[in-house]
Amino acid sequence: MKSILFKYSCMLLLAGIFWSCSKKQDIEESEPPVDDRTKFDLKASTTLWGILTDQDKKPVQGVQVSDGFSVTRTDSRGIYELIRQDRARYVFYTTPPEYIITADAQKHPLFYARINRDEELTRKDFSLVKSNKEDQWTLICVGDPQTTTQDDIERFRTETLADIDRTAASVQQAGRSVYAITLGDITHDKPGLYPAMKSAMSNRKVSFFQALGNHDHTEDQNDLWAHETFENTFGPRNYSFERGDAHIVVLDNYINLNNLENKPTGGLTDETWKWLQADLADIPKDKLIILCAHVPFRQGTASTHGRDAVNLLKTFREAHIMTGHTHTNEKWKHDEQPVSQLMEHTHGTACGAHWRSRVCLDGTPNGYAVYNVEKNHIKDYYYKATGEQYDRNYQMRLYDGATRFYNDNSHYYFNTYFGEAGNRVVANIWNADPTWIVTLEEESYPPVQMVQTSQPITDWSAYTYHLYFKNKEWTGETSHYWHALLPSGKSPEQSVFTVKAKDVRNNITYTKYSSPDNPGLQTDYEGISYP
């Protein structure tokens, strides 16, 4: 009997314990969880936040974070807080110089996250990987791939990208990191080709950042939505990142005004201009600034807030603007200093004259530019013509000023600009700026300093090829031409001479030799025609 009572008592005790635990668990589960705003002591106004940590899960302080409209920095806990702008699609961080550029599985830079605009409080965390600061690195700038067909994409892949891979591999073998950016017009109003273009740039020797061009805007949309398709494929249109002692800004400087009174124009919207000021607000003035956009700022081309942006860049010790758009290669000094504090580089394009030849509208070869950066200074740069047969020394094309292109009776010849003379040499030096020193050295005669054209002129060889063989009348007038008369009075075809072009900034001299036995003159469409 005692045994039965003992067992019964134990059963009651266990039941009581079980009921008590279950009741306690029910009470605990019914208690409301502590939300993020309370747990992390977030501001009441915050609608977008997150934590940045390194590979050891330690917070990363002082990193710049933005939604493309406002900018903040992470605190000692690695936390950033923003009031999300209603039209913001992404939140992104400015990769600090001591951390690697994070990339996705296809090697596309991945420094951003998509925002769910329906959430009351959105959290997006980022993980960074610490590395050594790069005091020496290389930037490759690619103007206007501007593909329209699958055939164009194939040329971009097999010609441009294959050549960039070779250049990048060479840079990496020298122990330098290398990054690339396309400067807009990924396609020519063909957003349906974006996936194919992104695929072509996947898993290359170098990761490609992207800028937005006028042909990347959807023309039948106003500026609020014209860039949506681009952003859905390539990510934010305004962002920044850092390498070494350089701060690189990528900017949309094309305004799409979809109404009858206003046409699209180059420039910065009020919101973009506000974002640029915020992005640069805390950057030390001795840092190198590289601003990458599509529409040139020179001569007020990017008119709306364009001059404001230029004046802002002038407050830094050294700044460079990288643009495309014109299908010509040009240098523009935004000051009067011998070595410009603010130089704009408008790039010849990957597609040249819309993939119809092997040159741009000004005779510059299809290609891209290479910039070698050391700490807070671009130490050296050059234009690289597409093709394994061309190295960095291919920087000019020479003409006889009297040579008539297309036929002997045409009026397409360079002496129309400089006056009739049978002994004039004309040099198209596509990457030169006014500080370059160009000399003509004829055998047995003292050197003659060549004179830069006083006005933009046309490369008649490129012009006549496109006009008569491709049925396209394109003019790409530029000022990177120098001319001089041979002291002997001989025609260029009969003389032995060398043109030397000294790049003063980079302290390098390029040469081009010509003789009757080894002519270096452009007299037809060799190297220009395609196919």
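Residues numbered from 1 in each chain as written. Predicted model: local features only at pLDDT ≥ 70, side-chain atom pairs only at ≥ 80, totals over all residues. Heavy atoms only, no water.

> Lay out the packing of aromatic side chains with the relevant residues and their values.
Scanning the model with the defined rule gives 31 aromatic pairs in all. When the centroid spacing of 3.7 Å and the interplanar angle of 5 degrees are considered together, the rings of Tyr-406 and Tyr-468 count as stacked. Of this pair, Tyr-406 sits in the loop between β22 (397-400) and α8 (415-418) while Tyr-468 sits in helix α9 (residues 460-469), and the two are 62 residues apart along the sequence. In this structure Tyr-406 comes out as partly exposed when scored by relative accessible area, which is 43%. On the numbers, 6.0 Å between centres and 40 degrees between planes, the contact of Phe-414 with Tyr-481 is tilted. Of the two residues, Phe-414 sits in the loop between β22 and α8 while Tyr-481 sits in strand β27 (residues 481-485), which places them 67 residues apart along the sequence. The pair Phe-414 / Tyr-481 is uniform in exposure class, with both members buried. (Phe/Tyr/Trp six-rings, centres within 6.5 Å; stacked < 30°, edge-to-face > 60°. Helix = DSSP H or I, 4+ residues; strand = E, 2+ residues; numbered from the N terminus. Buried < 20%, exposed > 50% of the residue type's maximum accessible area, 1.4 Å probe, protein only.)

> Explain the sheet that holds strand β5 (residues 90-93) residue by residue, including any values.
Pairing between the strands of a sheet comes from backbone hydrogen bonds, and it takes one of two forms, parallel or antiparallel. Spatial strand order, β3-β2-β5-β6: 4 strands in an open sheet with antiparallel pairing. Only two strands of the sheet have a single neighbouring strand rather than two, namely β3 (71-73) and β6 (112-114). Recorded for the sheet is a direction-independent mean angle of 20 degrees between the axes of neighbouring strands. Relative to β5, strand β2 (residues 64-66) runs antiparallel, the two being bridged by 2 bridges. Residue Val-65 lies in a different strand from β5, and its bridge partner there is Tyr-93. (Pairing = 2+ DSSP bridges. Axes fitted to C-alpha atoms, helices over the stretch in contact; angles between N-to-C directions.)

> Talk me through the sheet that holds strand β10 (residues 177-182); I want residue IDs and the actual numbers.
Ordered in space as β11-β10-β9-β20-β21, the 5 strands form an open sheet in which the pairing is mixed. Strands at the two margins of the open sheet, each flanked by one partner only, are β11 (208-210) and β21 (377-385). When the angles between neighbouring strand axes are averaged without regard to direction, this sheet yields 25 degrees.

> So, the packing of helix α6 (residues 270-280) against helix α7 (residues 306-313): which residues are in play, and what are the values?
Their axes nearest at 11 Å, the elements α6 and α7 cross at an angle of 5 degrees. Classified by the angle between their axes, α6 and α7 sit roughly parallel to one another. Only Asp-308, Ala-309, Leu-312 and Leu-313 of α7 make contact with α6, whose side of the interface consists of Trp-273, Leu-276, Gln-277 and Leu-280. Of the residues in the contact of α6 with α7, the class split is 6 nonpolar, 1 polar and 1 charged. (Parallel < 35°, antiparallel > 145°, perpendicular 65-115°, else oblique. Contact = heavy atoms within 4.5 Å. Nonpolar A, V, L, I, M, F, W, Y, C, P; charged D, E, K, R; others polar.)

> Quick one: what's the story with a nonpolar patch on the surface, residue by residue and with numbers?
The grouping of Tyr-406, Tyr-468 and Phe-469 at the surface amounts to a nonpolar patch, some 310 Å² of accessible area in total. Its location among the elements puts Phe-469 in helix α9. Among the residues examined, Phe-469 registers a relative accessible area of 46% and is labelled partly exposed. (Patch = residues over 30% accessible without salt bridge, like charges linked within 9 Å, V, L, I, M, F, W, Y side chains within 5 Å. Areas by Shrake-Rupley, 256 points an atom, 1.4 Å probe, with all protein chains shown as cover. Salt bridge = Lys/Arg side-chain N within 4 Å of Asp/Glu carboxyl O.)

> Please give an account of the pattern of salt bridges that cites residues and values.
Taken as a whole and assessed by the stated rule, the structure comprises 21 salt bridges. A salt bridge links Lys-287 to Glu-242, with the nearest nitrogen and oxygen atoms 3.0 Å apart. With a gap of 45 residues between them, Lys-287 in the loop between α6 and β16 (288-292) and Glu-242 in strand β12 (residues 239-243) connect regions that are remote in the sequence. Assigned by exposure class, Lys-287 and Glu-242 land together as buried. For the salt bridge of Arg-317 with Glu-318, the shortest nitrogen-to-oxygen distance reads 3.7 Å.

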